[in-house]
Amino acid sequence: MKQGVQGSPGRPVTAAGGPAPAVRPVPVQRSSVRGQILDALRTALVTGDLRPGEVYSAPVLGERFGVSATPVREAMQQLALEGAVEVVPNRGFRVVERGARELAELAEVRALIEVPVMVRLARTVPAERWAGLRPLAQETVRAAATGCPADYAESDRAFHGALLALAGNEQLVRIAEDLHRRAQWPPVRRGRAALVADAAEHMALLDALAAGDVEGVRGLVRRHFASVS
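Only a predicted model underlies this, so the values are computations on that prediction, with no experimental measurement involved.

Asker: Hey, could you run me through the pattern of salt bridges in this one?
Answerer: Inspection of the entire model under this criterion finds 10 salt bridges. For arginine 94, the salt bridge is made with glutamate 86, and the minimal N-O distance between the two is 3.2 Å. Take glutamate 86: its relative accessible area is 36%, and that puts it in the partly exposed class. Ionic pairing is found between arginine 134 and aspartate 207, a salt bridge with its closest N-O pair at 2.4 Å. With a gap of 73 residues between them, arginine 134 in helix H6 (residues 134-146) and aspartate 207 in helix H9 (residues 192-211) connect regions that are remote in the sequence. On the basis of relative accessible area, aspartate 207 is assigned to the partly exposed category, the value being 42%.

Asker: In this structure, what is going on with the sheet that holds strand E3 (residues 92-95)? I would like to understand it.
Answerer: Note: strands within a sheet are paired through backbone hydrogen bonds, in either parallel or antiparallel orientation. Pairing in this open sheet of three strands is antiparallel, and the strands run E1-E3-E2 from one edge to the other. Only two strands of the sheet have a single neighbouring strand rather than two, namely strand E1 (55-56) and strand E2 (85-88).

Asker: Is there a simple way to think about the nonpolar core in this case?
Answerer: One broad rule of soluble globular proteins: the nonpolar side chains tend to lie buried together. Formed by 27 residues in total, the largest nonpolar core has its most connected members in Trp130, Leu163, Leu205, Leu206, Leu209, Val217 and Val221. Mapped by element, the contributors of at least two residues to this core are helix H4 (100-124), helix H7 (149-165), helix H8 (170-184), H9 and helix H10 (214-228). Ranked by the residues each element gives to this core, the list is headed by H4, at eight residues. Counting 22 residues, the second-largest nonpolar core is a separate cluster that includes Leu41, Tyr56, Ala69 and Val85.

Asker: Would you take a moment to explain the environment of arginine 223 for this structure?
Answerer: Of note, arginine 223 is situated in helix H10. Residues arginine 223 and aspartate 198, 25 residues apart in the sequence, show an inter-C-alpha distance of 9.9 Å.

Asker: Just checking my understanding: could you explain unusual backbone geometry for this structure?
Answerer: Negative phi values dominate among residues other than glycine, just as trans dominates among peptide bonds. The backbone phi angle of asparagine 90 is positive, close to 65 degrees, even though this residue is not glycine. Relative to the helices and strands, asparagine 90 resides in the loop between E2 and E3.

Cut-offs and rules
Residues numbered from 1 in each chain as written. Predicted model: local features only at pLDDT ≥ 70, side-chain atom pairs only at ≥ 80, totals over all residues. Heavy atoms only, no water. Salt bridge = Lys/Arg side-chain N within 4 Å of Asp/Glu carboxyl O. Buried < 20%, exposed > 50% of the residue type's maximum accessible area, 1.4 Å probe, protein only. Helix = DSSP H or I, 4+ residues; strand = E, 2+ residues; numbered from the N terminus. Pairing = 2+ DSSP bridges. Core = buried A, V, L, I, M, F, W, Y, C linked by side-chain atoms within 4.5 Å.

Listed below in structure tokens is the structure:
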């Protein structure tokens, strides 16, 4: 094996014998690339660009996104943990298929978790605190009006997450978000009108919470989850 020309310890030299220009280290933001790919894959799942039942390989998806297979594989492994895809040995990742029964079960679990929390918040959170969440509810209305499922899914999660965050339980927020994502993948085909109606329930829920209307909150949350299942 050929050895390079050496100068002083730790300082390489050029072939002509002079010191080589110092090379400034460039930090590789691998986690950033992985995060961007993860976001892109989540969007593709919600929009249906990644179809339920289909198997996708990391190298092929890497070419699609203009990156190596490694960050795609890492992102897909995260999606596997979230229940959006499953590993197919030596082939890649299969997008999960969920039937009506599984979606109904997810909606039921979400209701079991979130209804009592919302009822407690209606009883304990001052009315003025709910005003701070109106911009998030209005964002869901705006996203619904576009008819874009990916935009609506993101705004919907943000709204529900902000509501539950008022309970002060980080584990609750994390578990609820995981269930929410599972319920959104693969996407249930819903037209613009259905999204608009769904978003309108967010505004109605805020009104009921601000008024301390416990029964109204309980009914709205249950109907909300039933409609998306």
